[in-house]
Amino acid sequence: MNNLKSIFLLLWVLHQAAGVAQAQNELTDFLDKAFHKQRRDALRQLMPAKSVAVFFANPVRNRANDVEYVYHQDPEFYYLTGYREPHALLLIFKEAQTSATGDKYNEVLFVQPKSAYMEMWTGRRLGTKGAKEKLGFTQVYNNDKFRGFSIDFTRFNKVLHYRLPNDVRNGGLYRLIQQFKSKSKMQTGQAERPKNDPNNNLDTKTLHRFMSQLRETKTEEELILLKKAIFISAIAQKEVMKAMKPQMSESEVQGIHEYVFKKYGAEYEGYPSIVGAGHNGCVLHYITNNKPKLGNDLVLMDLGAEYHGYSADVTRTIPANGKFSKEQKAIYDLVYKAQEAGFKQCKVGNAFNDPHRAAVKIINKGLAELGIIASATTHHRYFPHGTSHYLGLDVHDKGRYGTFKHNTVITVEPGIYIPEGSPCDKKWWGIAVRIEDDILITNKGWVNLSAMAPRKSDEIEKTMAKKSPFDEIKLPDLNELIKKNK
Ligand code: GLY
Ligand code: MN
Ligand code: MN
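It should be emphasised that the depicted structure is a prediction, and the values quoted were computed from it without experimental measurement. (Residues numbered from 1 in each chain as written. Chains lettered and ligands numbered in written order. Predicted model: local features only at pLDDT ≥ 70, side-chain atom pairs only at ≥ 80, totals over all residues. Heavy atoms only, no water.)

J.: Give me the lowdown on the packing of aromatic side chains, citing residues and values where you can.
T.: Following the criterion strictly, the structure yields 19 aromatic pairs and no others. With centroids separated by 5.0 Å and ring planes inclined at 80°, the aromatic side chains of phenylalanine 153 and phenylalanine 180 adopt a geometry described as edge-to-face. Of the two residues, phenylalanine 153 sits in the loop between strand S6 (140-142) and strand S7 (158-161) while phenylalanine 180 sits in helix H6 (residues 171-183), which places them 27 residues apart along the sequence. As far as the burial class goes, phenylalanine 153 and phenylalanine 180 line up, both buried. Three or more aromatic residues joined by ring pairs form one cluster here, namely Phe56, Phe93, Tyr105, Phe110, Tyr141, Phe146, Phe149, Phe153, Phe156 and Phe180. Against the face of phenylalanine 146 rests lysine 183, its NZ or CZ located 5.3 Å from the ring centre. (Phe/Tyr/Trp six-rings, centres within 6.5 Å; stacked < 30°, edge-to-face > 60°. Helix = DSSP H or I, 4+ residues; strand = E, 2+ residues; numbered from the N terminus. Buried < 20%, exposed > 50% of the residue type's maximum accessible area, 1.4 Å probe, protein only. Lys NZ or Arg CZ within 6 Å of the ring centre and 35° of its normal.)

This is the structure:
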C-alpha cells in the first residue's frame, strides 16, 4: 500500500471513529423523528381551513450577570419538532404552500445557525443540515432567513399562536418575534392584535384547545419515556427511605434523590424538588429545603425526574427516625385510604374530578373521627389542593379536564397538612402528609406506575430499616478543614 492510500485509510478510520463517538455522545432512546412528524400531522388535522400555526422556542433566561439558567425547550416545541435549542420558530400550515421556486411544503423550521465560535462556548448545534437529518424536516432555514422569507400572515383565515412573551429584549428569538409581528401587521408593542380590529385573524386561544386534546392522551412511544421518568423517581424514593437518618439535612435528602435521577440519565428535575420536614411539609410548594437536621419529623418529599422531556411527580412522606409516631401514623393511614379511594375512580369515562371527590369524602370523615374537625361537613383548610392533574411533558400537563380517556396519565395525590396553631389538639401540629402516585388509565383499568416506591406505612418502616449504599459515604468535616487550612 502506498503512502497516500494509507493516509486515506487512516483518515477514513478516524472519521468512522468520530462518528461512533458522536453517536455515543448522548443516550439514544429519544423520540423518533417519525413521532414528531405524526404529532404535527395530528395538529394539522385539527386546524381550520386556510390556517397556519406559529410556535416559538422558549427564551433563554438570565440567572445573574453573564450566567443563564439551564436552557429548557418549550415542551410543545419539543413535542412537535424534537428540537432542543433556543432561538427557533416553527410554522405548520393546514394546506400545502408553494415556494417561489415551485416547491410544495406544509411546514417550515427556522433554527439557530451553526457557529464554530459559539459551539466552542455552549456546545453543539444541529444547524439546518442536522435538523433535516435528525428531525426529518425538509424546509429548514437559519433563523436570520425569516426576515426575507416570503409570507404574509394577513392572507390566512386564522393565524394560531400563543401570546408572545414581552420580556425578550434581544437575540435571535427577539428578531423572530419582531418579524412575526411585522409580517402579521401587529403593533410592535403588542402581544396580540386588538380584539376590535375587524381584520384580526390572529387567534391566541384555539391552539391551547388543540394541543390540550393532543397531549391529554399519550402514544406508546411517550409512555416508554414517561415510565422511565416515573420508575427512576420511584427508585429514588425507595433509596432515600433506606438512606435517611435523623441527622441528615433536607438538602442532603434532595441530593440523594437527584443523584439517583442523574445515575439513570434523567437530564433534569421536572420541577424544583420539595423536601420538607415537619412544619415545612405544610408549605405546599416548599423548595428552600434548608433545614439542617430532620430530627424526629415526618419528611414530605415531592420529586420527579425528567427523562427526555417527560416528568414524573411522586411524593412519599416518611418518618426521619424510621418509625411513625401514633399521631403521624393515624394521619398517614388516613391519606393512604383516601388515595386508595381515588385510585378506584381512575376509569375511562369517569369525570376528571371523581378521584378528588372520593378522596375528600374519606379525609373529611377521618378527620372528624380523629376529633381534628367537628364533623365530616365542617369546613377546613387541612386538604387545600386538588387530587389530580395530567402528567407528561409538563408536570401539570395539558389536557381537557373532561372525562378520562384511554392512555391518560394523571397523579392521585391527597394530603393532610396541620400547621402549628391549627384549631385542634396540639399533638397534631406540624404533621403534613402527601402521598402522590402516577396512574396510567387505559381501557383495561388503571396501573400505578410509581408503585415501586413503598407506600403502606408498615412497608415504609421495613424499607427504612434496610442498609443503604449511601451509609458508606464518608466525607471530611468542612469546619475541621477550615480550621486546619487557616
Ligand atoms: N409537585 C407538584 C405537584 O404535586 O403537583
Ligand atoms: Mn402533582
Ligand atoms: Mn408532586
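On we go from here.
J.: How would you sum up a nonpolar patch on the surface? Please name residues and give values.
T.: A contiguous nonpolar surface patch, about 510 Å² in accessible area, is contributed by Tyr117, Met118, Met120 and Trp121. Along the chain, methionine 120 falls in helix H4 (residues 116-122). (Patch = residues over 30% accessible without salt bridge, like charges linked within 9 Å, V, L, I, M, F, W, Y side chains within 5 Å. Areas by Shrake-Rupley, 256 points an atom, 1.4 Å probe, with all protein chains shown as cover. Salt bridge = Lys/Arg side-chain N within 4 Å of Asp/Glu carboxyl O.)

J.: So, the sheet that holds S7: which residues are in play, and what are the values?
T.: With mixed pairing, six strands are arranged side by side in an open sheet as S6-S5-S4-S1-S7-S8. Single-partner strands in this sheet number two, and they are S6 and strand S8 (202-203). Pairing of strand S4 (residues 89-98) with strand S5 (residues 104-111) involves six bridges; the strand directions are antiparallel. When the bridges of S5 are listed, isoleucine 92 appears paired with glutamate 107. Packed onto the sheet, helix H2 (residues 33-46) meets strand S1 (51-56), S4 and S5 and runs at close to 60° relative to S4. (Pairing = 2+ DSSP bridges. Contact = heavy atoms within 4.5 Å. Axes fitted to C-alpha atoms, helices over the stretch in contact; angles between N-to-C directions.)

J.: Give a detailed account of the nonpolar core, specifying residues and quantitative values.
T.: Ranked by size, the top nonpolar core spans 90 residues in total, and within it Leu43, Phe55 and Met244 carry the most contacts. In terms of residue count, helix H8 (residues 220-243) provides more of this core than any other element does, 10 residues in total. Sequence-distant contacts of leucine 43, defined by excluding residues within four places in its chain, comprise Ala53, Phe55, Leu80, Ile92, Leu207, Phe210, Met211 and Leu214. Val52, Leu89, Phe110 and Leu202 belong to the second largest nonpolar core, which has 23 residues in total. (Core = buried A, V, L, I, M, F, W, Y, C linked by side-chain atoms within 4.5 Å.)

J.: Help me get a handle on the coordination of the manganese ion (ligand 2), residues and values and all.
T.: Protein coordination at the manganese ion (ligand 2): the donors are Asp313 (OD), His389 (NE2), Glu413 (OE) and Glu436 (OE), at 2.0 to 2.1 Å from the metal. Of note, the manganese ion (ligand 2) draws all its donor residues from one chain, in the sequence arrangement D-x75-H-x23-E-x22-E. Between the manganese ion (ligand 2) and the manganese ion (ligand 3), a separation of 3.3 Å is found, and both are coordinated by aspartate 313. Residue glutamate 413 is located in the loop between strand S15 (408-412) and strand S16 (415-418), and its partner glutamate 436 is located in the loop between strand S17 (431-434) and strand S18 (437-442); the two are separated by 23 residues in the primary sequence. (Donors = N, O, S within 2.8 Å, 3.2 Å for Na, K, Ca; no water.)

J.: Account for unusual backbone geometry, with residues named and values stated.
T.: Of note, histidine 87 is a non-glycine position whose phi angle comes to about 60°, a positive value. Within the element layout of this structure, histidine 87 appears in the loop between helix H3 (75-81) and S4. When its relative accessible area of 18% is taken as the criterion, histidine 87 is described as buried. The phi angle at histidine 308 is positive, at roughly 50°, despite the residue not being glycine. Inspection of the secondary structure assignment puts histidine 308 in the loop between strand S12 (305-307) and strand S13 (310-311).

J.: Please provide a residue-by-residue account of the site of ligand 1, values included.
T.: Tyr271, Asp302, Asp313, His389, His396, Glu413 and Glu436 make up every residue found near ligand 1. Taking aspartate 313, its side chain carries an N or O atom lying 3.1 Å from a nitrogen atom of ligand 1. A distance of 3.2 Å is found between an oxygen atom of ligand 1 and a side-chain nitrogen or oxygen belonging to glutamate 436. In isolation ligand 1 has 200 Å² of accessible area, and contact with the protein removes 90% of it. Broken down by class, the residue content of the shell around ligand 1 amounts to one nonpolar, two polar and four charged. (Near = heavy atom within 4 Å. Polar contact = N/O pair within 3.5 Å; in protein donor to acceptor, adjacent residues only side chain to side chain. Nonpolar A, V, L, I, M, F, W, Y, C, P; charged D, E, K, R; others polar.)

J.: For the packing of H2 against helix H7 (residues 206-216), give the residues involved together with the corresponding values.
T.: The contact between H2 and H7 brings their axes to 10 Å, and the two run at 130°. It follows from the interaxial angle that H2 and H7 lie oblique. Every pair of crossing elements has a handedness; the one defined by H2 and H7 is right-handed. Contacts between H2 and H7 involve Arg39, Ala42, Leu43 and Leu46 from the first element and Leu207, Phe210, Met211, Gln213 and Leu214 from the second. Broken down by class, the residue content of the contact of H2 with H7 amounts to seven nonpolar, one polar and one charged. (Parallel < 35°, antiparallel > 145°, perpendicular 65-115°, else oblique. Left-handed = near helix turned anticlockwise from the far one by under 90°.)

J.: An account of the coordination of the manganese ion (ligand 3) is needed here, citing residue identities and associated values.
T.: Those protein atoms acting as donors to the manganese ion (ligand 3) are Asp302 (OD), Asp302 (OD), Asp313 (OD) and Glu436 (OE), and they sit at 2.1 to 2.3 Å. The site at the manganese ion (ligand 3) holds six donor atoms, and with the angles between them running 58 to 170°, its shape is irregular. As a motif over one chain, the donors of the manganese ion (ligand 3) read D-x10-D-x122-E. (Tetrahedral: all angles 85-135°; square planar, octahedral: opposite > 155°, others 65-115°.)

J.: Explain H6 to me, and be specific about the residues and the numbers.
T.: Three or four residues apart is the spacing at which side chains of an α-helix point the same way, because the helix has 3.6 residues per turn. With 13 residues, H6 extends 18 Å from end C-alpha to end C-alpha; this agrees with the ideal 18 Å at 1.5 Å per step. Within the span of H6, buried status applies to Gly172, Leu173, Leu176, Ile177, Gln179, Phe180, Lys181 and Lys183. The elements touched by buried residues of H6 are S1, S4, S7 and S8. A positive backbone phi angle near 60° is found at lysine 185, which sits one or two residues after H6. (Expected span 1.5 Å × (residues − 1).)

J.: Can you break down the environment of tyrosine 307 residue by residue, with the values?
T.: With respect to the helices, strands and loops of the structure, tyrosine 307 is situated in strand S12. In sequence terms tyrosine 307 and proline 355 are 48 residues apart; their C-alpha atoms lie 27 Å from each other. Leaving out residues up to four positions away in the same chain, tyrosine 307 has contacts with Leu27, Asp29, Leu225, Lys228, Ala229, Ile232, Tyr264, Gly265, Ala266 and Glu267.

Purely spatial values, then, with no claim about function.
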